[in-house]
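Structural description and commentary
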Amino acid sequence: SLFFLLLTTGCVYWSLPVHDIFYAGLFNAGLTLALLMIVAMPRIRLSFVPERALIVTLLRDAGEVGLFVLLFMFAMRIDQLLLFNLRGAAEVGRYAVAVRVTEALSILPEAVMLTVFPVLAATHHSQPRRFQRTYHLSFKFLSAIILPGALLFTVLREPFVRLVFGAEYLESAVPLAVLAWGMFFAYTGAVYLNLFIVRRLQRLMLVVSAVTVTVNIAVNLWLIPQYGATGAALATVASNVVGYAVWALHPVTAPFMKECTRTAARPLASVMVAWLIVALVGVRGAAAGAVVLPVYVALMWLFGGITRTDVDLVRRLLVPEPTA
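Residues numbered from 1 in each chain as written. Predicted model: local features only at pLDDT ≥ 70, side-chain atom pairs only at ≥ 80, totals over all residues. Heavy atoms only, no water.

Notes on the overall build of the chain
Counted only if it meets this: In DSSP terms, a helix is any run of H or I states spanning at least four residues, a strand is any run of E spanning at least two, and both are numbered starting from the N terminus. Any pair of residues with heavy atoms lying within 4.5 Å of one another is described as a contacting pair. All accessible-area figures derive from a Shrake-Rupley calculation using a 1.4 Å probe, and residue coverage is judged against the displayed protein chains alone. Positive residues here are Lys and Arg, negative ones are Asp and Glu, while His and the chain termini are left out of the count. Each charge is placed at NZ for Lys, CZ for Arg, CG for Asp and CD for Glu.
Helix and strand counts for the chain stand at 13 helices and zero strands. In sequence order, the chain lays out its α and β elements as α-α-α-α-α-α-α-α-α-α-α-α-α. Principal axes of the C-alpha set define a box for the chain whose edges measure 70 × 60 × 35 Å. A separation threshold of at least 6 residues defines the contact pool for the chain, and within that pool the share at least 24 residues apart is 75%. Accessible surface computed for the chain: about 18,800 Å², of which carbon and sulfur atoms make up 71%. Taking the 24 positively charged and 15 negatively charged side chains of the chain as two groups, their mean positions are separated by 9 Å.

What to know about the nonpolar core
Counted only if it meets this: Definition of nonpolar core: a set of buried residues of the types Ala, Val, Leu, Ile, Met, Phe, Trp, Tyr and Cys, connected through side-chain atoms within 4.5 Å. Three labels apply to residues, based on accessible area from a 1.4 Å probe with only protein chains included: buried if under 20% of the type maximum, exposed if over 50%, partly exposed otherwise in between.
Of all hydrophobic cores here, the largest spans 65 residues; its most connected members are Tyr-95, Leu-120, Tyr-135, Tyr-192, Leu-195, Phe-196 and Trp-247. With 16 residues, helix H8 (residues 173-198) is the largest single contributor of residues to this core. Not counting the four nearest positions on each side in its chain, Leu-120 is found in contact with Met-113, Phe-131, Thr-134, Tyr-135, Leu-195 and Val-198.

Observations regarding the pattern of salt bridges
Rules: Just to be clear on terms, a salt bridge is a Lys or Arg side-chain nitrogen sitting within 4 Å of an Asp or Glu carboxyl oxygen.
Applying the stated criterion across every chain yields a total of eight salt bridges. The closest approach of N and O atoms between Arg-94 and Glu-91, which form a salt bridge, is 2.6 Å. Of the two residues, Arg-94 and Glu-91 both sit in helix H4 (residues 89-105), three residues apart, roughly one turn of that helix. Look at Glu-91 and you get buried, because its relative accessible area is 10%. Among the charged side chains, a salt-bridge network with shared partners connects Arg-87, Glu-91, Arg-94 and Glu-171.

Considering helix H5 (residues 107-123)
Structurally, the α-helix is built with 3.6 residues per turn, so residues lying three or four positions apart point the same way. Quick note on the threshold: Expected helix span is computed as 1.5 Å times (number of residues minus one). In this scheme, the bend at a residue equals the angle between the axes fitted to the seven residues that finish there and the seven that begin there.
In a regular helix each residue adds 1.5 Å, so 17 residues correspond to 24 Å; H5 covers 25 Å between its end C-alpha atoms and thus fits that length. At Leu-114, H5 shows its largest kink, close to 35°, and the proline Pro-118 lies no more than four residues downstream. Buried within H5 are the following residues: Pro-109, Met-113, Val-116, Val-119, Leu-120 and Thr-123. On the buried face of H5, the contacting elements are H4, helix H6 (128-155) and H8.

Considerations on the packing of aromatic side chains
The description of an aromatic ring pair uses the distance of the two centres, along with the angle that the planes make with each other. Rules: Pairing of aromatic side chains requires ring centres within 6.5 Å, counting the rings of Phe and Tyr and the six-membered ring of Trp. Pairs whose planes differ by under 30 degrees are stacked, by over 60 edge-to-face, and all others tilted.
Counted according to the given criterion, the structure contains 15 aromatic pairs. Relative to Phe-256, the ring of Tyr-135 lies with its centre 5.3 Å away and its plane at 70°, an arrangement referred to as edge-to-face. Here Tyr-135, found in helix H6, pairs with Phe-256, found in helix H11 (residues 254-281); they are 121 residues apart in sequence, far enough to count as distant. The same class applies to Tyr-135 and to Phe-256, which are both buried. Chaining the aromatic ring pairs together yields one cluster made of Phe-131, Tyr-135, Phe-139, Phe-184, Phe-185, Tyr-192, Phe-196, Tyr-244, Trp-247 and Phe-256.

Observations regarding helix H3 (residues 52-87)
Taking 1.5 Å per residue, 36 residues should reach 52 Å; H3 reaches 52 Å between its end C-alpha atoms and fits that length. At Arg-77, H3 shows its maximal bend, which comes to roughly 35°. Regarding H3, the residues found buried are Asp-61, Glu-64, Phe-68, Ala-75, Ile-78, Asp-79, Gln-80, Leu-82 and Leu-83. On the buried face of H3, the contacting elements are H4, H8, helix H9 (202-227) and helix H10 (229-249). Looking one or two residues past H3, Gly-88 carries a phi angle of roughly 100°, positive in sign.

What about the packing of helix H7 (residues 157-164) against H8?
The condition is simple: Axes here refer to lines fitted to C-alpha atoms; in helices the fit is confined to the stretch in contact. Angles between the N-to-C directions go from 0 to 180 degrees. Roughly parallel here means an angle under 35 degrees, roughly antiparallel means over 145, roughly perpendicular means 65 to 115, and every remaining angle is called oblique. Less than a right angle of anticlockwise turn of the near helix away from the far helix marks a crossing as left-handed, whereas a clockwise turn marks it as right-handed. Each residue gets one of three labels, nonpolar for Ala, Val, Leu, Ile, Met, Phe, Trp, Tyr, Cys and Pro, charged for Asp, Glu, Lys and Arg, and polar for the others, Gly among them.
Running from N to C, H7 and H8 point in directions that differ by 115°, and their axes come no closer than 9 Å. Looking at the two axes, H7 sits roughly perpendicular to H8. As H7 runs across H8, the sense of the crossing is right-handed. Side by side, H7 and H8 meet where Arg-157, Glu-158, Phe-160 and Val-161 of the first sit next to Ala-173, Val-174, Leu-176 and Ala-177 of the second. The residue makeup of the contact of H7 with H8, split by class, is six nonpolar, no polar and two charged.

Points about the packing of helix H1 (residues 2-13) against helix H2 (residues 19-40)
Put simply, H1 and H2 touch, their axes get as near as 10 Å, and they point 155° apart. Put simply, H1 runs roughly antiparallel to H2. Viewed along their axes, H1 and H2 form a crossing whose handedness is right-handed. Of H2, the residues touching H1 (which contributes Phe-3, Phe-4, Leu-7, Thr-8 and Cys-11) are Asp-20, Ile-21, Ala-24, Gly-25, Phe-27, Asn-28 and Leu-31.

Laid out in structure tokens, this is it:
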């Protein structure tokens, strides 16, 4: 990553064309592969003889996952394209503020799943109790983090935008608050989508993704002409809600979504009560931000969302269960 940053800096310094940055990325990817081979060769016995059945399986599964990722990326950008065509570049700029902030927040669930996914894959069949505990804790902690985060972005939306982007972007505050609540689906989706990959449900993921993209486009076309960036944010959240509902209703995936909903209930209740308390007290801005977080933590403790065993469960998660 540091080397790619150095290459990119060189491209900018010498005013090279933008496509040279992509060439730098390809070169860096080749260098990464070479370094991985150097590290792996002394430690892992590698076979360069192809196994036809394994290659066919890998290509089929990878193709389905690749198409899903393509649809996912399309859904992440289609709202900005429609916004540009229906409301112009200025409205896209307002919306981009909210998108940039929420996309930056997605690094946390991605980092968590880099650690959790191998555990899920390894314990799916051999250690079902550990498998269940792993995704339960992932749902629990990610929802407990993002929901108060969404509340903070809601009560601090204008001070945050003014501080980070400037007063001229204050119209981005409402789209930011809307997309912040939509981050719940991004955080929990990082868990349940990886669960579905472990269960080899890539084809079903493609179908559901196509449904959500269709909903996204339809709601964008409906709301953007009247509400602009806020309409685009609402369309994103609406499509996420539809996708979540489809997964919750499908008989194969319903048990996992039921667990997700159950674990998110206490954080959601704590957030709603904290929001109500702040509204009743009448504090706003930075003062509201200073109040909601300790109130949320206290309510989570009161509702049983945070217990003394949570840290111990995380520690025990790393210790393999004895196999039968």
